[in-house]
There are 2 protein chains.
Amino acid sequence: MSEASDPQTTGLRERKKARTRQLIQEHGLRLFREQGYEATTVQQIIDAAEVSESTFFRYFPTKAEVVLVDDFDPILVSSFLAQPPGLTAIQALRASFRDTFGALSDDETAAMKERNELVVTVPELRAAMLDQLSSTMQVLGEAVAQRTGRPPNDPAVRTLVGAVVGVAVAVELVLFDDPTADLVALLDEAMGQLEAGLRL
Amino acid sequence: MSEASDPQTTGLRERKKARTRQLIQEHGLRLFREQGYEATTVQQIIDAAEVSESTFFRYFPTKAEVVLVDDFDPILVSSFLAQPPGLTAIQALRASFRDTFGALSDDETAAMKERNELVVTVPELRAAMLDQLSSTMQVLGEAVAQRTGRPPNDPAVRTLVGAVVGVAVAVELVLFDDPTADLVALLDEAMGQLEAGLRL
DNA sequence: CTTCATCTGAAGGTAACCACCATTTCGCCG
DNA sequence: CGGCGAAATGGTGGTTACCTTCAGATGAAG
């Protein structure tokens, strides 16, 4: 019984591996949220997850990696590139945000909000986010350049992407004041405002 | 250290203190740029700056603080609030950026560019910037709210500030490709584009 | 049963950071 | 101008936590 071409034949080993990884990450994130990032030692994490220190570092080469859950960038980009050609770049971005985040299951939405709130609340974790942010800018910039037929280093492209990402961050920061906020709706509204030239 | 000893101008002690602080910071930033943040030990910094470890930690409670050069936020805010009332928020922000950064001396401009390039180039340092960024968003948000007579947590205000800060970051990231870029001009252009609704 | 990947436990390295005290340097005032 | 109190600096030793390495146990796969 060997479905050789089916990667879903995972085997017990693979499943255990994934489970261990997830276990460590869950406990890590929980402890980070409860006590702060710096205040949480890997010792506490491995105690909670019941693995050895060696195992921890085999899965996460550094403590900070526990937070780096690779995100929605690829989904966002493909959604963006699939938007109808009539739209402006901003409109297309707005639509792909709506599509991507609107299509999430309740569980996924909750998990995302959980993680966002954690990142927004704990200063040390906000730091870890910036690298991901600049990478997001890079990726989005390439997509926008491709769609509009401009060079990827076009200042106008960069400005647009910077504004969009900045707005997205600003929306996430709302969680700081109001943890129950509906991020998808807020983001959509903000993008509309961006498009209208931010008249205030 | 054999400097021509200036008689008490504003207190020799104060000036020495400032000088030591600046010395440590200069060497720290240089080493960070040359070798990366993590790869640079405070031992190397204090060797280069010729101070003791105690002194280092007396000036900078943590290694990361070496990068946190207190910035232009207050100048920016007061300039913003002093703009003529006819302008929209974005126009006023644009003008205050132009005023603030255009008025810098050559030395200051060079220093700022140096620091920006460092922060943009070294991934570990970009992280340290984010806290400052969110604090900037906070401060700018309050100023914009005050000027427009809106509550500080108005979503529209947040969106505007998010976009502006995002654009500023995007402009800084240009240094990654082109270290000779004129940031002030680029920023001004980008702000104009923001105001026009980012049509692409 | 054999093989091979994974987990563990222990032991150690390194570097940030701190507490404490000796030493030097500066401000000031008699 | 000379010396005294305060402040800044230097050095020493120590703690903590991230991270590495490796020999050996465990359990899955064939």
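Bear in mind that the values here come from a model prediction, so they are computed numbers and not experimental data.

A.B. asks: What am I meant to see in the protein's contact with DNA strand C here?
C.D. replies: Near DNA strand C, the surroundings consist of 22 residues, among which A:Ser54, A:Thr55, A:Arg58, B:Lys16 and B:Lys63 are the closest. Atoms of DNA strand C within 4 Å of the protein: sugar and phosphate make up 66%, bases the balance. One of the side-chain nitrogen or oxygen atoms of A:Ser54 is found 2.6 Å away from a base oxygen of DNA strand C. One nitrogen or oxygen atom from the side chain of B:Thr62 is found 3.3 Å from a phosphate oxygen belonging to DNA strand C. Counting only elements with at least two residues in the surface near DNA strand C, the list comes to α1 (11-35) and α3 (53-59) of chain A together with α1 (12-35) and α3 (53-59) of chain B. In terms of residue count, α3(A) provides more of the surface near DNA strand C than any other element does, four residues in total. For the surface near DNA strand C, a count of residues per class yields six nonpolar, eight polar and eight charged.

A.B. asks: I keep staring at the protein's contact with DNA strand D and nothing clicks. Help me out?
C.D. replies: Near DNA strand D, the surroundings consist of 22 residues, among which A:Arg13, A:Glu53, A:Lys63, B:Ser52 and B:Thr55 are the closest. At 2.6 Å, a side-chain N or O of A:Glu53 approaches a base nitrogen of DNA strand D. At 2.8 Å from a base oxygen of DNA strand D is found a side-chain nitrogen or oxygen belonging to B:Ser54. For the surface near DNA strand D, the secondary structure elements donating two or more residues are α1 and α3 of chain A together with α1 and α3 of chain B. Here the surface near DNA strand D is composed, by residue class, of five nonpolar, nine polar and eight charged.

A.B. asks: What is the right way to read helix α5 (residues 89-102) of chain A from this model?
C.D. replies: Residues that lie three or four places apart on an α-helix share one face, since the helix turns once every 3.6 residues. An ideal rise of 1.5 Å per residue puts 20 Å on 14 residues; α5(A) measures up with 19 Å between its terminal C-alpha atoms. Listed in full, the buried residues belonging to α5(A) are A:Ala89, A:Ile90, A:Ala92, A:Leu93, A:Ala95, A:Ser96, A:Phe97, A:Thr100 and A:Phe101.

A.B. asks: Sorry if this is basic, but what is going on with the domain arrangement of chain A here?
C.D. replies: It is common to give the size of an interface as the accessible area that goes away when the parts come together. Annotation of chain A at the domain level lists domain 1 (11-66) and domain 2 (73-195). On a C-alpha basis, the centroid separation for the pair domain 1 of chain A and domain 2 of chain A is 28 Å.

A.B. asks: I'm lost on the relation of the copies chain A and chain B in this one. Help?
C.D. replies: Here two copies of a chain appear, and what relates them is a rotation about an axis with a shift along it. Its rotation angle being 179°, the transformation that places chain A on chain B also includes 0.2 Å of axial translation and leaves an RMSD of 0.6 Å. These values place the two chain copies in the arrangement generated by a two-fold rotation axis. Most of the interface of chain A is mirrored in chain B, where 100% of its interface residues again form contacts.

A.B. asks: It is not clear to me how the packing of helix α8 (residues 155-177) of chain A against helix α9 (residues 183-195) of chain A should be interpreted in this structure. Could you clarify?
C.D. replies: Two packed helices can be described by the angle between their axes and the distance between those axes. Residue and element names in this part refer to chain A. Following both chains from N to C, one finds α8 and α9 inclined at 145°, their axes separated by 10 Å at the closest point. When you trace α8 past α9, the crossing you get is right-handed. The segment α8 lies against α9, with Ala163, Val164, Val167, Ala168, Val171, Val174 and Leu175 engaging Leu183, Leu186, Leu187, Ala190, Met191 and Leu194. For the contact of α8 with α9, the class distribution of residues is 13 nonpolar, no polar and no charged.

A.B. asks: Would you explain the side chain of A:Ser79 in this entry?
C.D. replies: Residues and elements named next belong to chain A. Along the chain, Ser79 turns up in helix α4 (residues 73-81). Residue classification places Ser79 among the buried positions, given a relative accessible area of 13%. Once you skip the residues sitting within four places of it in the chain, Ser79 turns out to touch Ser96, Asp99 and Thr100.

A.B. asks: It is not clear to me how the environment of B:Glu38 should be interpreted in this structure. Could you clarify?
C.D. replies: Relative to the helices and strands, B:Glu38 is located in the loop between α1 and α2 (42-49). The exposure class of B:Glu38 is exposed, given its relative accessible area of 58%.

A.B. asks: What's the story with the packing of aromatic side chains in this structure? I'm lost.
C.D. replies: The relation between two aromatic rings is expressed through the spacing of the ring centres and the mutual angle of the planes. Residue and element names in this part refer to chain A. Overall, the coordinates contain ten aromatic pairs over all chains when judged by the stated rule. A ring pair is formed by Phe72 and Phe101, whose centres lie 5.3 Å apart and whose planes are at 75°; its orientation type is edge-to-face. Remark: Phe101 occurs in helix α5 and Phe72 occurs in the loop between α3 and α4; sequence separation between them is 29 residues. For the residue pair Phe72 and Phe101, the accessibility class agrees, reading buried in each case.

What counts, and where the lines are drawn
Residues numbered from 1 in each chain as written. Chains lettered and ligands numbered in written order. Predicted model: local features only at pLDDT ≥ 70, side-chain atom pairs only at ≥ 80, totals over all residues. Heavy atoms only, no water. Near = heavy atom within 4 Å. Polar contact = N/O pair within 3.5 Å; in protein donor to acceptor, adjacent residues only side chain to side chain. Helix = DSSP H or I, 4+ residues; strand = E, 2+ residues; numbered from the N terminus. Nonpolar A, V, L, I, M, F, W, Y, C, P; charged D, E, K, R; others polar. Expected span 1.5 Å × (residues − 1). Buried < 20%, exposed > 50% of the residue type's maximum accessible area, 1.4 Å probe, protein only. Domains from an automatic or database assignment. Least-squares fit on C-alpha atoms with pLDDT ≥ 70 in both. Contact = heavy atoms within 4.5 Å. Axes fitted to C-alpha atoms, helices over the stretch in contact; angles between N-to-C directions. Left-handed = near helix turned anticlockwise from the far one by under 90°. Phe/Tyr/Trp six-rings, centres within 6.5 Å; stacked < 30°, edge-to-face > 60°.

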